[in-house]
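Okay, here's what each chain looks like letter by letter:
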Amino acid sequence: RKEVEQDPGPFNVPEGATVAFNCTYSNSASQSFFWYRQDCRKEPKLLMSVYSSGNEDGRFTAQLNRASQYISLLIRDSKLSDSATYLCVVISTGGGNKLTFGTGTQLKVEL
Amino acid sequence: GAVVSQHPSWVICKSGTSVKIECRSLDFQATTMFWYRQFPKQSLMLMATSNEGSKATYEQGVEKDKFLINHASLTLSTLTVTSAHPEDSSFYICSAGPGRSDQPQHFGDGTRLSIL
């Protein structure tokens, strides 16, 4: 089993739709969680950190469920510019700042 | 502005050539930097952890003699792909963070390496 798992998609949604991605992690000692966005042939860019209490940044909402070991990302009112691959990233204790990436979920927002 | 600088962005060279990629932290000191590789349509895979002033830690399956890492200062790590072959063609990315384990990493722009 992979340490961090995501549905690779692609998720094809119309503009304005609400879409949600889930990510599960296997290491219960994981301590920090992030969503990164990666555009085609570009480096990953931090989208948002994920906190236990849940957090929101504009159209984006992230949730963490430690008991079930999954995190989620909700995108409301999706835009064409949201089309990208969304990477779930986990930092576990004992690994320094080493990030473990999910395989990414590809989102395509269409007219 | 970018807080991690990576050069070069693109490299195209003949098989057998050694290629050096630089990763610099611009606004902070980084005792640890990370090197990743990404093949088309796949996720980032950690290759090695670069430690300032000591040997790098390589992930399983990554040849340390093939991918030489030097972290000679608190702001610079280099990855040298020695005697590169077409199967080494990939997207190489470095990352660094200011130190706290719960803080996200900053990524370089990546280096697209194509070996002919």
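Residues numbered from 1 in each chain as written. Chains lettered and ligands numbered in written order. Predicted model: local features only at pLDDT ≥ 70, side-chain atom pairs only at ≥ 80, totals over all residues. Heavy atoms only, no water.

A. Inspection of the sheet that holds strand 8 (residues 76-81) of chain B at higher detail. Residues and elements named next belong to chain B. Judged by pairing direction, the sheet is antiparallel, and its 4 strands sit side by side in the order 1-3-8-7 without closing on themselves. The sheet is open, and its two borders are formed by strand 1 (4-7) and strand 7 (67-73), each paired with just one other strand. The mean angle between the axes of side-by-side strands here comes to 15 degrees, regardless of whether they run parallel or antiparallel. The pairing of strand 3 (residues 19-25) with strand 8 spans 6 bridges and is antiparallel. Considered in strand 8, the bridge of Val19 is made with Val81. (Pairing = 2+ DSSP bridges. Helix = DSSP H or I, 4+ residues; strand = E, 2+ residues; numbered from the N terminus. Axes fitted to C-alpha atoms, helices over the stretch in contact; angles between N-to-C directions.)

B. Spotlight on the state of the cysteines. Enumeration according to the criterion identifies 2 disulfides over all chains in this entry. Across the disulfide from Cys23 of chain A sits Cys88 of chain A; the S-S distance is 1.9 Å. Note on the Cys23 of chain A and Cys88 of chain A pair: the S-S dihedral is about -70 degrees, so by sign convention the disulfide is left-handed. Of the two residues, Cys23 of chain A is situated in strand 3 (residues 19-25) and Cys88 of chain A in strand 9 (residues 84-92); the sequence distance between them amounts to 65 residues. Cys23 of chain B shares a disulfide with Cys94 of chain B; S-S distance 2.0 Å. Measuring handedness by torsion sign, the sulfur bridge of Cys23 of chain B and Cys94 of chain B sits at about 80 degrees and is right-handed. (Disulfide = S-S within 2.5 Å.)

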